[in-house]
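# Residue-level structural notes
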Amino acid sequence: MSRKKVVAVIPARMGASRFPGKPVAKILDLPMIEHVRRRVMLSSVVDDVIVATCDQEIMDVVQQHGGKAVMTANTHERCTDRVEEAAQSLDMDIAIIVQGDEPLFFADILEPLVKPLLEHDELVCTNLISTIHEEADLKHQDIVKAVLDEKQQIMYFSRSPIPFLRVRNQCPMYRQTGVSAFTKDFLKQYSALSPTALEIAESVDFLRIIGHGFPIHAVIYDQVTIGVDRPEDIAKVEHVLRNDPQQQACYQKILEMQ
């Protein structure tokens, strides 16, 4: 059997409601989309990296930095639909979706994210989950919380604080990150599914998968991640890049990439 081809697709658009122009916002010396694209390129499991966008400005920035980008329709409301459109023209078996607002993630997580899909044909989707350590994060509406069952399948996502800790115990608390993987066939099937009421109410794409009865396998990643949701998050990311030795080393590595 030939090796399955893995392509990472980074959906990006200028019109984010909470932070217009976010993908091209500068973080130290690079636009944010370049931080993400270059970090993905460090993964040994990824065969290619593509930015999927509906904005010429983003395409220009990526191509000026030597990257690959494809144009998609400007009508997509969900990032997964944008990725699916891009995937139609790409040679791949598995699509990794990396949100363009996760500039601090480490590429080594992509191998365990993809591994279940490579080894188990019955799996169609994996989602990277990280541990919530602060109760304030549990209550933060920009952080999507995830509840897992005993087999590490995701039961539900919510912007509300779940689980509700009526009894204080060692119940783990998780957040969804902007990193996931699909088989190409299921990505197409998922995009054709009708949106669900819960998906729309919570504004969480992956509730469509759960709502139609498909499993999502969670891959737990205990590295603390900082997504960029609002302009003030840029300063938080820059602080980490300046002061965390591991992040500093990764940043220097991507600066040297063409």
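Refer to the structure above for everything that follows.
The notes below deal with the structure included here.

Another aspect to go through is helix H1 (residues 32-41). Counting buried residues along H1, nine of its 10 residues qualify, which places the element largely inside the surrounding structure. Along H1, the residues that are buried comprise Met32, Ile33, Glu34, His35, Val36, Arg37, Arg38, Arg39 and Val40.

For the coordinates displayed, the defined rule picks out 15 salt bridges. Here Asp81 makes a salt bridge to Arg208, at a shortest N to O gap of 3.7 Å. Here Asp81, found in helix H3 (residues 79-87), pairs with Arg208, found in helix H8 (residues 207-211); they are 127 residues apart in sequence, far enough to count as distant. Given a relative accessible area of 14%, Asp81 falls into the buried group. Residue Lys236 is joined to Asp233 by a salt bridge in which the shortest nitrogen-to-oxygen separation is 3.3 Å. In this pair, Lys236 and Asp233 both sit in helix H9 (residues 233-243), three residues apart, roughly one turn of the helix.

The next point concerns the packing of aromatic side chains. Evaluated as defined, the whole model comprises six aromatic pairs. Their ring planes at 15 degrees and their centres at 6.1 Å tell us that Phe182 and Phe186 sit as a pair that is stacked. For the pair Phe182 and Phe186, a shared accessibility class is recorded, and that class is buried. Ring pairs connect the aromatic residues Phe157, Phe182, Phe186, Tyr190, Phe206 and Phe214, which therefore count as one cluster. Positioned above the aromatic ring of Phe106, the side-chain terminus of Arg39 is 5.5 Å from the ring centre. Directly above the aromatic system of Tyr190 lies the positively charged group of Arg208, at a separation of 4.9 Å from the ring centroid.

Let us now look at the nonpolar core. Here is a general trend for soluble globular proteins: nonpolar side chains tend to be buried in one another's company. The biggest cluster of nonpolar side chains holds 35 residues, and the ones touching the most others in it are Val40, Ile96 and Leu110. Those elements giving two or more residues to this core turn out to be strand S1 (6-12), H1, strand S4 (48-53), helix H2 (56-64), strand S6 (94-98), helix H4 (110-119) and strand S10 (174-183). Apart from residues no more than four positions distant in its own chain, Ile96 is found in contact with Val6, Val7, Ala8, Val9, Val46, Leu110, Leu113, Val114, Val179, Ser180 and Ala181. The next biggest cluster of nonpolar side chains, apart from the first, holds 31 residues, and it includes Ala86, Ala95, Leu187 and Val204.

This paragraph deals with the pairing of S6. Of all five residues that make up S6, five are buried, and the element is covered over most of its length. Judged by which residues are buried, S6 turns out to be covered on both faces: Ile94, Ile96 and Val98 on one side and Ala95 and Ile97 on the other are all buried. Here four bridges tie S1 to S6, and the two strands are oriented parallel to one another. Residue pairing across strands places Val9 opposite Ile97, the latter belonging to S6. With five bridges connecting them, S6 and S10 associate as antiparallel partners. Bridging across to S10, Ile94 finds its partner in Thr183.

Counted as a void, the second largest pocket has a volume near 210 Å³. Along its surface, the second largest pocket is lined by Ala146, Val147, Leu148, Asp149, Glu150, Gln152, Pro163, Cys171, Pro172, Tyr174 and Ile220. Tallying contributions element by element places strand S8 (residues 145-148) first for the lining of the second largest pocket, with three residues. Classifying every residue of the lining of the second largest pocket by side-chain character gives eight nonpolar, one polar and two charged.

Time to look at the packing of H9 against helix H10 (residues 245-255). Two elements in contact, H9 and H10, have axes whose closest approach is 5 Å; the angle formed by their N-to-C orientations is 95 degrees. As judged from the angle between their axes, H9 and H10 are roughly perpendicular. Where H9 approaches H10, its residues Val240, Leu241, Arg242 and Asn243 are matched on the opposing element by Pro245, Gln247, Gln248 and Tyr251. Here the contact of H9 with H10 is built from residues that sort into four nonpolar, three polar and one charged.

Most of S1 sits out of view: seven of its seven residues are buried. Here S1 shows no split at all, with Val6, Ala8, Ile10 and Ala12 on one side and Val7, Val9 and Pro11 on the other all buried. Bridge count for S1 against S4 is six bridges, and the pairing is parallel. Counterpart to Val9 in the pairing with S4 is Ile50.

In this section: unusual backbone geometry. At the junction of Ile162 and Pro163, the peptide bond is cis and its omega measures out at 0 degrees in the coordinates. Relative to the helices and strands, Pro163 is located in the loop between strand S9 (154-158) and S10. The phi angle at Leu28 is positive, at roughly 55 degrees, despite the residue not being glycine. Assessed through its relative accessible area of 23%, Leu28 is described here as partly exposed. Here Ser203, not a glycine, exhibits a phi torsion of approximately 55 degrees, which is positive.

Calculation criteria
Just so you know, the residues in each chain are numbered from 1, in the order the chain's sequence is written. Local features in this predicted model are restricted to residues whose pLDDT is 70 or higher, and side-chain atom pairs enter the listing and the counts only when it is 80 or higher, whereas totals over whole chains, interfaces and linings include all residues. Side-chain numbers here rest on the full set of heavy atoms in the structure, without hydrogens or water. Burial here depends on accessible area, computed with a 1.4 Å probe over protein chains only, as a share of the maximum for the residue type. Under 20% is buried, over 50% is exposed, and the range in between is partly exposed. Under the DSSP-based scheme used, a helix requires at least four consecutive residues in state H or I and a strand at least two consecutive residues in state E, with every element numbered from the N terminus. Note on definitions: salt bridges are taken to be side-chain nitrogens of Lys or Arg within 4 Å of carboxyl oxygens of Asp or Glu. Note on ring pairs: Phe, Tyr and Trp rings are taken, using the six-membered ring of Trp, and paired if centres are within 6.5 Å. Classes follow the plane angle, with under 30 degrees stacked, over 60 edge-to-face and the rest tilted. Comment: the charge-over-ring label is applied if NZ (Lys) or CZ (Arg) is within 6 Å of the ring centre and within 35 degrees of the ring normal. Nonpolar cores were defined as sets of buried Ala, Val, Leu, Ile, Met, Phe, Trp, Tyr and Cys residues, with membership established by side-chain atoms within 4.5 Å. Only heavy atoms enter the contact rule, under which two residues are in contact if any of them lie within 4.5 Å. Strand pairing is assigned whenever DSSP detects at least two bridges linking the two strands. Only protein atoms enter the 1 Å grid used here, on which a cavity is any set of points holding a 1.4 Å probe that cannot leave and a pocket is any open set flanked by protein within 12 Å on both sides along at least five of seven lines; residues with an atom within 4 Å of a point are listed as lining. Grid points are joined across faces, edges and corners, and a volume is the space filled by probe spheres set on the points. Under this grouping Gly is polar, as are all residues other than the nonpolar Ala, Val, Leu, Ile, Met, Phe, Trp, Tyr, Cys and Pro and the charged Asp, Glu, Lys and Arg. Helix axes are fitted only over the stretch in contact, all axes being lines through C-alpha atoms; the angle between N-to-C directions runs from 0 to 180 degrees. For classification purposes, angles smaller than 35 degrees are called roughly parallel, those larger than 145 roughly antiparallel, those between 65 and 115 roughly perpendicular, and all remaining angles oblique.

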